[in-house]
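So the chains spell out like this:
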Amino acid sequence: MSLELDRRLADVGTRFRIFPQPRFLQKADGSGPLFPEPELVTVSVEPGGMQAGPGDDRMFVVDAIGKLPYNSFFRPPFRGAARPPVRPGDDGHFDHLDPASREFSAATMYATVRRVLDIWEDYFGRTIQWHFESDFSRLELIPLIEWDNAQSGYGFLEFGFGRKPNGTIDHDRPFCENFDVLAHELGHSIIFAEVGVPASPFDEGIDYGGMHESAGDLVAIVASLHFHSVVDLLLDSTKGNLLTINGLDRVGELSDSREIRVALNSRRMSDVGDEPHDRSLPLTGAIFDTMVEVFQQDLVARKLISDDLRTRSTNLPGTSQDLVEIQAEFTAAYTGNEAAFKDSLLRARDYLGRLLAVTWGNISPDFLTYHGILRALLQADREITGGDNVEIIRACFAWREIAPVPTSLLLRQHTIADCGVSLGKGATVAGGRAVADPRIPGPRVNGVTSAARI
Ligand SMILES: [Zn+2]
C-alpha cells in the first residue's frame, strides 16, 4: 500500500492495535520480548461502517463456544453458541482493548485479515472478490478454538493455539495473534480468488502447489513490511545489506520470524522436491531477491551506495568477496541515511506488491509452471515500468535455476524443414518429403529462406 494511501486511511479508518510479530519472540540478550507493545493500525473501514464482532461487509469474527474444527461434513456458517461480539469504544475504535483479554485476540484476528486485504486490494487496484462468493458474502473468522492447529477453508479461517514441547495446547501462543500465519492463510484465499485452481484431472499441479505456498509467504512478507517497527528492525540489523544469500545471519533477532526465514532462503530448484512448502522456497527467494535488487538499484540511483558495492554484494556466493568488508561498507553508507534507505525499501516493497498483483491477475492455474510465472512477471514489469527491471528478474530467477523443464517443447529446436517451408527453388519439405510449392518463392538469405517466414 502506498505511503500516501496509508496516511489517508489513518485519518478516516478504524483504529486497532496488533502485534507485528508474535509476543513470544525474545530479544537476543534475553531482556524481554522483541515486540513488547502492540502497534496501532488503521483498517480502511470507517467507524460508522464497523459492526460488533468485530465485522464489516467482507468478514466477521465469531468467538465460538466449544466448537470442533470444521471438516468435510461440518462447514460454515457456524450456528452454535458464541461469546458476545466485541464492541468498539465510545469513539467507534477498537484500540482500547486490553492485550491480556480474549476480546483483544478476537479483534486482532479481524484487524490483521482486514489490514492485509486492504494492502493487497490496493496493489490489485480493485476489490478482491472471495472465491466462495457463490455461497457466502463474508469470510467467517473464528479466533480461539481449543485445538493445537489452524486451518483455512471454503468461507472461513479458524485458529487454535500452538503446541508445548510436551505436545499439549499452549494457550500463550494463539495463532490468531500471529500476523504472519494469518496473512499467509489470507494469501491462499487471494490466490484462490485471483488465479483459481487447475481444471484438468491430468494436471499434477506440482508448480501450482509451490506457487500457492510461495504466494502465502509473499503476501505475508509484503504486508509485514507495512509495520514501521519491522522495517526499522530489519534495516537497523542489516544496514540495508539485504541480499538473501547468507542473509539469515544478518537479521539477528528477526531470524526467529518464520516469514523472514522463508524470504532469506538460499535454495535452488536442484535443492528441492515436489512437496509444496519445500518447492516454494526457490520461487519465494527469486521474487524476494528481485525486490532487494530493485531496492539496491534505487540506492545506487540516489547515490546512497556505489554501483561497485551493489555488484560485489550481489555476486555471492561462489566469489571471493569479503563479506565483512561489504557489511562494513553498508554500515558506513546507512549511518546518517536511515530515512532515505527506508524510503527506498518501501518503494521497492510497493513495486513488488504491484508486480505480484499484476502477475497473479494474469496467470492461468492450468498446467502452471514456474517458468510460466517468470514470463508473467516479466510481462508485469513491462506493464508497470516499461521493462526497467526485466534484467534483474531474469538474473534472480536464473540463480534459482528456474527455467523451462528440460522436456518442454519450448526447448525443442525447429528446423525450417520441420516447419515445411521452402528449401530450394519451388520446393518445400512437408513431413520430411519434398514437395513442389510454387506459392513460396520467398526472400532468401545465404541460400536459406529467411527466418521471417519460419
Ligand atoms: Zn500455506
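Coordinates for the structure precede this section.
What you are looking at is a predicted structure, and each value in this text was computed from that prediction instead of being measured.

What counts and what doesn't
Residues numbered from 1 in each chain as written. Predicted model: local features only at pLDDT ≥ 70, side-chain atom pairs only at ≥ 80, totals over all residues. Heavy atoms only, no water. Axes fitted to C-alpha atoms, helices over the stretch in contact; angles between N-to-C directions. Helix = DSSP H or I, 4+ residues; strand = E, 2+ residues; numbered from the N terminus. Parallel < 35°, antiparallel > 145°, perpendicular 65-115°, else oblique. Left-handed = near helix turned anticlockwise from the far one by under 90°. Contact = heavy atoms within 4.5 Å. Donors = N, O, S within 2.8 Å, 3.2 Å for Na, K, Ca; no water. Buried < 20%, exposed > 50% of the residue type's maximum accessible area, 1.4 Å probe, protein only. Core = buried A, V, L, I, M, F, W, Y, C linked by side-chain atoms within 4.5 Å. Pairing = 2+ DSSP bridges.

**Remarks on the packing of helix H11 (residues 370–385) against helix H12 (residues 390–399)**
- The interhelical angle for the contact between H11 and H12, taken along N-to-C directions, is 160 degrees, at an axis separation of 9 Å. When the axis of H11 is compared with that of H12, the two are roughly antiparallel. Like other packed secondary-structure pairs, H11 and H12 cross with a definite hand, here right-handed. Contacts between H11 and H12 involve Leu374, Leu377, Leu378, Asp381 and Arg382 on the former and, on the latter, Val390, Ile393, Arg394 and Phe397.

**Observations regarding the coordination of the zinc ion**
- Here the zinc ion is held by the protein donor atoms His184 (NE2), His188 (NE2) and Glu213 (OE), which lie 2.1 to 2.2 Å from it.
- Each donor residue of the zinc ion lies on one chain, and together they are spaced H-x3-H-x24-E. You can see histidine 184 sitting in helix H3 (residues 179–194) and its partner glutamate 213 sitting in helix H4 (residues 206–224), a full 29 residues away along the chain. Each of the two residues, histidine 184 as well as glutamate 213, counts as buried.

**Some remarks on the nonpolar core**
- By size, the foremost hydrophobic cluster in this structure holds 114 residues, and its most contacted members are Tyr110, Trp120 and Trp360.
- It is helix H2 (residues 102–124) that provides the largest number of residues to this core, a total of 13 residues.
- The residues touching tryptophan 360, leaving out its near neighbours within four places in the chain, are Trp120, Phe124, Ile191, Glu194, Val195, Ala215 and Val219.
- One finds Val62, Ile142, Ile145 and Phe156 within the second-largest nonpolar core, a separate group that totals seven residues.

**Considerations on the environment of leucine 157**
- On the secondary structure map, leucine 157 appears in strand E6 (residues 156–159).
- Judged by relative accessible area, leucine 157 falls into the buried class, the value being 0%.
- In this structure the C-alpha to C-alpha distance between leucine 157 and leucine 186, which are 29 residues apart in sequence, comes to 8.4 Å.
- When sequence neighbours within four positions are dropped, the list of residues in contact with leucine 157 reads Met109, Val113, Leu139, Glu140, Leu141, Ile142, Gln151, Ser152, Leu182 and Glu185.

**Focus on the environment of glutamate 204**
- Its location among the elements puts glutamate 204 in the loop between H3 and H4.
- The class for glutamate 204 is exposed, based on a relative accessible area of 72%.
- Residues glutamate 204 and aspartate 366, 162 residues apart in the sequence, show an inter-C-alpha distance of 9.6 Å.

**A word on the pairing of E6**
- Burial of E6 is two-sided: the residues Phe156 and Glu158 facing one way and the residues Leu157 and Phe159 facing the other way are all buried.
- Where strand E4 (residues 139–142) meets E6, three bridges bridge the pair, whose relative direction is parallel. Bridging from a neighbouring strand, isoleucine 142 pairs with glutamate 158 of E6.
- Pairing geometry for strand E5 (residues 150–153) and E6, over four bridges, is antiparallel. Counted as the bridge partner of alanine 150 is phenylalanine 159 from E6.
- Between the antiparallel neighbours E5 and E6 lie two residues, among them glycine 155 with a positive phi of about 95 degrees.

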